Amino acid sequence: MVKWTELERSTVKAIWEKVDIDEIGPQIWARVLIVYPWTERYFGSFGDLFTITAILKNDKVAAHGKVVLKALDKAVNNMDNMKRTYADLSQLHFQKLEVDPDSFRLLADCITITIACKLKSALSPQSQAIWQKFLYAVVDAMSSQYR
Amino acid sequence: MVEWTDAERKAIASLWGKIDVGEIGPQALARLLIVYPWAQRYFKAFGDLSTNAAIMGNPKVAQHGKTVMGGLENAVKNLDNIKQTYAKLSVMHSEKLHVDPDNFRVLAECISLCVAAKFGPSVFTADAQEAWQKFLAVVVSALGRQYH
């Protein structure tokens with residue numbers, strides 16, 4: 001089980017408090033699809049993803065970004081229990097959605113970049129280290145049901 | 001060979017034009033040493049790296065960050081030939097410095113984060129991020145190329 005210090009817990013919460021899911025979620029999701037275009041393979045039903053402009057305007061992309069960030073909220077509130085918190089979601093992504101688990105790492109990268117854009121120097125090196133440790137734990141939990 | 005679209009070339013040049021290597025380089029290297037502390041093993045000669053404050057205030061870290069970031073200029077100016085451009089540097093990092101090539105990838109990550117934090121979402125847009133991270137991925141690959 002991942003061990004968290006008091007500083008790490010409060011840092012993760014402090015960063016998360018500054019995240020507006022409705023604002024940041026769509027940006028993060030658009031970045032994943034634009035920066036790592038092979039991830040578009042999972043979103044055949046989302047309509048037009050052919051250009052950057054289309055992705056940035058796509059309502060389904062925006063809505064899905066919010067869904068994903070809302071799920072991240074669960075991790076922030078269950079830091080000591082992430083594997084169990086995400087067991088069902090991991091199972092879903094593995095067996096039903098057939099998502100390559102490396103995608104979780106790419107998503108984590110875009111989450112961090114988008115938050116850095118928003119927080120700027122407030123995402124200090126120490127905060128970055130803590131936030132990335134948190135996201136690695138999330139990625140690990142999301143991959144946990146894969147065989 | 002890597003293919004660059006005109007939009008990507010433009011985005012990379014535009015971002016590079018805004019980057020102050022003396023500002024971003026030191027920040028990126030300090031973050032590398034703080035976020036991935038095992039990377040400190042390569043910098044024993046740099047003096048005090050024992051705390052985050054020490055790393056961030058260390059003049060050798062700052063100087064080296066500037067050097068490394070400045071080295072990206074060669075890649076920006078030789079987008080179609082990055083592998084060749086970095087062949088000697090790759091050999092040096094492998095045979096002389098014995099640097100694990102995974103460090104290039106995490107340093108690139110820190111550089112991207114510093115650029116994102118500096119310029120925010122209106123300059124470091126999704127397409128700018130795409131071009132920039134593709135550029136750094138090519139640099140990382142070139143630096144790891146002469147290993148083995």
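The rules we used
- Residues numbered from 1 in each chain as written.
- Chains lettered and ligands numbered in written order.
- Predicted model: local features only at pLDDT ≥ 70, side-chain atom pairs only at ≥ 80, totals over all residues.
- Heavy atoms only, no water.
- Helix = DSSP H or I, 4+ residues; strand = E, 2+ residues; numbered from the N terminus.
- Expected span 1.5 Å × (residues − 1).
- Buried < 20%, exposed > 50% of the residue type's maximum accessible area, 1.4 Å probe, protein only.
- Arc of directions from axis to C-beta.
- Phe/Tyr/Trp six-rings, centres within 6.5 Å; stacked < 30°, edge-to-face > 60°.
- Lys NZ or Arg CZ within 6 Å of the ring centre and 35° of its normal.
- Salt bridge = Lys/Arg side-chain N within 4 Å of Asp/Glu carboxyl O.

Residues and elements named next belong to chain B. Taking 1.5 Å per residue, 13 residues should reach 18 Å; helix H1 (residues 6-18) reaches 19 Å between its end C-alpha atoms and fits that length. Taken as a whole, H1 has its buried residues at Glu8, Ile12, Leu15 and Trp16. Mapping the buried residues of H1 onto a view down its axis gives an arc of 100°, with all of them on the same face. Exposed side chains of H1 directed beyond 90 degrees from the buried face belong to Asp6, Ala7, Lys10 and Gly17.

Residue and element names in this part refer to chain A. Counting through the fold element by element, Ala87 comes out in helix H6 (residues 87-96). Taking the relative accessible area as the measure of exposure, Ala87 reaches 19% and is therefore buried. Taking the C-alpha atoms as reference, Ala87 lies 9.9 Å from Tyr146; in sequence the two are 59 residues apart.

With that out of the way, let us pick up the packing of aromatic side chains. Within a pair of aromatic rings, the relevant descriptors are the distance that separates the centres and the angle that separates the planes. Scanning all chains against the criterion turns up 12 aromatic pairs over all chains. Seen from their ring centres, Trp29 of chain A and Phe43 of chain A are 5.6 Å apart, and the 90° between their planes marks the pair as edge-to-face. Taken as a pair, Trp29 of chain A in helix H2 (residues 21-35) and Phe43 of chain A in the loop between H2 and helix H3 (52-57) lie far apart in primary sequence, 14 residues in all. Residues Trp29 of chain A and Phe43 of chain A agree in their burial class; the two are buried. When the centroid spacing of 6.2 Å and the interplanar angle of 75° are considered together, the rings of Phe104 of chain B and Tyr147 of chain B count as edge-to-face. Taken together, the positions of Phe104 of chain B in helix H7 (residues 102-123) and Tyr147 of chain B in the segment after helix H8 (126-144) put the pair 43 residues apart, joining distant regions of the chain. As far as the burial class goes, Phe104 of chain B and Tyr147 of chain B line up, both buried. Its end group placed over the ring of Tyr42 of chain B, Arg41 of chain B keeps NZ or CZ at 5.3 Å from the ring centre.

Next up on the list: unusual backbone geometry. Residue and element names in this part refer to chain A. The residue Glu98 is not glycine, and still its phi comes out positive at about 55°. With respect to the secondary-structure elements, Glu98 resides in the loop between H6 and helix H7 (102-119). Look at Lys120: it is not a glycine, yet its phi comes out positive at around 55°. Its location among the elements puts Lys120 in the loop between H7 and helix H8 (125-143). Under the relative-accessibility criterion, Lys120 is labelled partly exposed at 33%.

Applying the stated criterion across every chain yields a total of 12 salt bridges over all chains. Between Lys83 of chain A and Asp140 of chain A there is a salt bridge, and its shortest N-O distance comes to 3.7 Å. On the criterion of sequence distance, the pair formed by Lys83 of chain A in helix H5 (residues 82-85) and Asp140 of chain A in helix H8 is long-range, its members being 57 residues apart. The exposure class assigned to Asp140 of chain A is partly exposed, which follows from its relative accessible area of 43%. Residue Asp102 of chain B pairs with Arg105 of chain B through a salt bridge whose shortest N-O separation is 2.9 Å. Separated by 3 residues within a single helix, Asp102 of chain B and Arg105 of chain B lie in helix H7, roughly one turn from each other. Since its relative accessible area comes to 38%, Asp102 of chain B is described here as partly exposed. Arg105 of chain B gets classed as partly exposed once you look at its relative accessible area, which sits at 35%.

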